[in-house]
Amino acid sequence: MMDTEKDRASSWFRQLRDEIVAAFEGLEDSHSEGPFSDMASGRFEVTETKRASDDGSDAGGGLMSVMRGGRVFEKVGVNVSTVYGTLGEAAQKAMAARGVPGMDNDPRFWASGISLVAHMQNPHCPAVHMNTRMFWTPGAWWFGGGSDLNPCIEYDEDTAHFHATQKAHLDPHGDTLYPELKAWADEYFYIPHRHRARGVGGIFMDDRNTGDWGADFALTQDIGRAFLPAYLPLVEKRRVQACTEDDKDTQLIHRGLYAEYNLVYDRGTKFGLATGHDANAVLMSLPPLAKWV
């Protein structure tokens, strides 16, 4: 049943959540000059989420932490959850199609993870996404996730810093890992109907099971540890830049890409809705405002 491993993974996701929430509220408090600095410092609203099985029994839940209308973050969500139960027919078929063994005769599952999406006040500050998770069924276990940068106004040096930080955290796990996960992110975060990427990429993996749970968990932890040093310096640098109405318009149009991707393609969104998790928590990734032209 891997109970010890499950406990370690879910505890880590919660610890990472606490670190990120504290860091983001610190950005709000330290924003003392530049656009939006005259606004009140934002704070996360924390809501406990619950999930029930079809028979009404407990099936897990988590914490939904959302900040709206801050002076740095227009909307940011940092969610953690640990859910379990029996997969529905559609989810069973999707898992079986991916090669997960045993779905036909034992559809039990357990999943835990952290999911983060930040949409910024200043259009020069890049939006960002980060997610890491562990999934277990009686026939298999695996890790997945990564992080990717989604600026509406691109700066080459910001992209370089974000990728270099990811690489530095992945290189201890093998020289080939960063280029593999970068290429995976480039493919995964591509929007086919728009013929373009959602952002400037990052790293992504799924179905990670080398047979060494400890090694795969350590990699997942370092993906999480890379996030704050990769992202915070970019926000600190860009939040003081002057922005125009045209910049804001560019931001709103770019957010449309994010909404389209998450509603049409994102595997986590589909899984969360299919398994009956709190819809507000699943859809917290959507931007507060977006525009289509």
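Refer to the structure presented above.
Our subject in this report is the structure included herewith. (Residues numbered from 1 in each chain as written. Predicted model: local features only at pLDDT ≥ 70, side-chain atom pairs only at ≥ 80, totals over all residues. Heavy atoms only, no water.)

Take the pairing of strand β3 (residues 73–86) next. Direction of pairing for strand β2 (residues 58–68) relative to β3: antiparallel, over a ladder of 9 bridges. Its bridge partner lying in β3, Gly-61 is registered against Thr-82. Taken together, β2 and the strand that follows it, β3, pair antiparallel across an intervening segment of 4 residues, in which Gly-69 is found at a positive phi of about 70°. Where β3 lies against strand β4 (residues 108–120), 13 bridges are found, and the strand directions are antiparallel. Within β4, the position partnered with Ser-81 by the bridge is Gly-113. (Pairing = 2+ DSSP bridges. Helix = DSSP H or I, 4+ residues; strand = E, 2+ residues; numbered from the N terminus.)

Before going further, it helps to examine the sheet that holds β4. Pairing in this open sheet of 7 strands is antiparallel, and the strands run β1-β2-β3-β4-β5-β6-β9 from one edge to the other. Across the chains shown, the open sheet's two edge strands, defined by having one partner strand only, are β1 (45–52) and β9 (201–208). For this sheet, the mean inter-axis angle between neighbouring strands, taken without regard to orientation, is 5°. Bridge analysis of β4 against strand β5 (residues 127–137) gives 9 bridges, and the strand direction is antiparallel. Paired with Ala-111 across the strands is Phe-135, a residue of β5. (Axes fitted to C-alpha atoms, helices over the stretch in contact; angles between N-to-C directions.)

What follows concerns the pairing of β2. Extensive coverage of β2 is indicated by the burial of 9 of its 11 residues. Sheet topology note: the β1/β2 ladder contains 7 bridges and is antiparallel. Bridge assignment links Glu-48 to a residue of β2, and that residue is Leu-63. From the end of β1 to the start of β2, which pair antiparallel, there are 5 residues, and Gly-56 there has a positive phi angle of about 90°. (Buried < 20%, exposed > 50% of the residue type's maximum accessible area, 1.4 Å probe, protein only.)

Moving on, we come to the side chain of Gln-166. By the secondary structure assignment, Gln-166 is in helix α3 (residues 156–170). Not counting chain neighbours up to four residues away, the residues in contact with Gln-166 comprise Ser-147, Tyr-178, Ile-203, Ala-226 and Ala-230. (Contact = heavy atoms within 4.5 Å.)

Turning our attention to the pattern of salt bridges. Following the criterion strictly, the structure yields 24 salt bridges and no others. Between Arg-98 and Asp-206 there is a salt bridge, with its nearest N and O atoms 3.6 Å apart. Pair noted here: Arg-98 is in the loop between α2 (89–97) and β4 and Asp-206 is in strand β9, with a separation of 108 residues, a long-range link. For Asp-206, the salt bridge goes to Arg-267, with nearest N and O atoms at 2.4 Å. Placement of the pair is Asp-206 in strand β9 and Arg-267 in helix α7 (residues 267–274), with a sequence separation of 61 residues. The partly exposed category is assigned to Arg-267, whose relative accessible area is 35%. (Salt bridge = Lys/Arg side-chain N within 4 Å of Asp/Glu carboxyl O.)

The next subject is helix α6 (residues 245–264). Compared with an ideal rise of 1.5 Å per residue, which puts 20 residues at 28 Å, α6 spans 29 Å between its outermost C-alpha atoms and is within 8% of the ideal. With a side-chain oxygen positioned 3.4 Å from the backbone nitrogen of Asp-246, the residue opening α6 is Thr-244. (Expected span 1.5 Å × (residues − 1). Polar contact = N/O pair within 3.5 Å; in protein donor to acceptor, adjacent residues only side chain to side chain.)

Attention now goes to the packing of α3 against helix α4 (residues 177–188). Contact geometry of α3 with α4 gives a least axis separation of 9 Å together with a crossing angle of 130°. With respect to each other, α3 and α4 are oriented oblique. Here α3 runs over α4; the crossing is right-handed. Facing His-163, Gln-166, Lys-167 and Leu-170 of α3, the residues of α4 in contact are Leu-177, Tyr-178, Leu-181 and Lys-182. (Parallel < 35°, antiparallel > 145°, perpendicular 65-115°, else oblique. Left-handed = near helix turned anticlockwise from the far one by under 90°.)

A separate point is the packing of α3 against helix α5 (residues 213–238). With their axes 8 Å apart at the nearest point, α3 and α5 run at an angle of 155° to one another. Put simply, α3 runs roughly antiparallel to α5. Between α3 and α5 the crossing geometry is right-handed. Every residue of α5 that contacts α3 at Glu-157, Asp-158, His-161, Phe-162, Thr-165, Gln-166, His-169 and Leu-170 is listed here: Leu-219, Asp-222, Ile-223, Arg-225, Ala-226, Pro-229, Ala-230, Pro-233, Leu-234, Lys-237 and Arg-238.

Geometric descriptors of this kind do not, in isolation, establish any biological role.
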